[in-house]
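Chains, contacts and geometry: an overview
Each chain, written out:
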Amino acid sequence: MDTGLVDALKALGNPTRLQIMEWLRTPEKSFSEYEPIADRAKVGVCVTHLAAKTGLAQSTISSYMASLERVGLVRSTRVGKWTHYRRDDAQVDELLARIKNRI
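**Observations concerning the side chain of Ser-30**
- Note that Ser-30 resides in helix α3 (residues 27-30).
- Among all residues touching Ser-30, those that are not within four sequence positions of it are Trp-23 and Lys-53.

**Things to note about the layout of surface pockets**
- Of the pockets and cavities examined, the largest pocket occupies roughly 160 Å³.
- Around the largest pocket, the lining residues are Leu-12, Leu-18, Met-21, Glu-22, Arg-25, Leu-73, Arg-87, Val-92, Leu-95, Leu-96 and Ile-99.
- The set of elements that each furnish at least two residues to the lining of the largest pocket consists of α2 (15-25) and α7 (89-102).
- Here the lining of the largest pocket is built from residues that sort into eight nonpolar, no polar and three charged.

**Considerations on the sheet that holds strand β3 (residues 82-87)**
- The antiparallel open sheet is built from three strands, whose spatial order is β1-β3-β2. Each of the sheet's edge strands pairs with one partner strand only, and the pair in question is β1 (45-46) and β2 (74-79).
- Of the strands in this sheet, β1, β2 and β3 touch α2, which is tilted by about 80° from β3.

**Regarding the packing of α2 against helix α5 (residues 47-54)**
- Contact pair α2 / α5: the axes reach a minimum separation of 12 Å and the direction vectors enclose 120°. As judged from the angle between their axes, α2 and α5 are oblique. As for how α2 packs across α5, the hand of that crossing is right-handed. Residues Thr-16, Ile-20 and Trp-23 of α2 lie in contact with α5, whose contacting residues are Leu-50, Lys-53 and Thr-54.
- Within the contact of α2 with α5, the residues separate by chemical class into three nonpolar, two polar and one charged.

**Let's talk about the pattern of salt bridges**
- Under the definition given, this model contains five salt bridges.
- Of the charged contacts, one joins Arg-40 and Glu-28 as a salt bridge, the two residues approaching to 3.7 Å between their closest N and O atoms. Of this pair, Arg-40 sits in helix α4 (residues 40-43) while Glu-28 sits in helix α3, and the two are twelve residues apart along the sequence.
- Taking relative accessible area as the criterion, Arg-40 reaches 4% and is therefore assigned buried.
- Residue Glu-28 is classed as partly exposed on the basis of its relative accessible area of 46%.

What counts and what doesn't
- Residues numbered from 1 in each chain as written.
- Predicted model: local features only at pLDDT ≥ 70, side-chain atom pairs only at ≥ 80, totals over all residues.
- Heavy atoms only, no water.
- Helix = DSSP H or I, 4+ residues; strand = E, 2+ residues; numbered from the N terminus.
- Contact = heavy atoms within 4.5 Å.
- 1 Å grid on protein atoms, 1.4 Å probe; cavity = no way out; pocket = protein on both sides within 12 Å on 5 of 7 lines; lining within 4 Å.
- Points joined across faces, edges and corners; volume = space filled by probe spheres on them.
- Nonpolar A, V, L, I, M, F, W, Y, C, P; charged D, E, K, R; others polar.
- Pairing = 2+ DSSP bridges.
- Axes fitted to C-alpha atoms, helices over the stretch in contact; angles between N-to-C directions.
- Parallel < 35°, antiparallel > 145°, perpendicular 65-115°, else oblique.
- Left-handed = near helix turned anticlockwise from the far one by under 90°.
- Salt bridge = Lys/Arg side-chain N within 4 Å of Asp/Glu carboxyl O.
- Buried < 20%, exposed > 50% of the residue type's maximum accessible area, 1.4 Å probe, protein only.

Encoded structure:
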């Protein structure tokens, strides 16, 4: 059994985490209403902005993002006191290929 695949699918099984992954596909468009703290193309989106957009507590978003990072779908970068997340598109593509080969 491919436990990495199962873990990734579990992480994406949460509707909010799946929505975040969709938003992170186009961070400039998805978070245009928020003033960027850093270059979104390079470092991604701040946890504060993810929390504001979802309406969830920052601690909940941090936990969700840690789950996505653990399975390799996002990468984190610290910018000062803020943590930013961006999609790891290569890992997302690999996950999609693994799913295609299994189903």
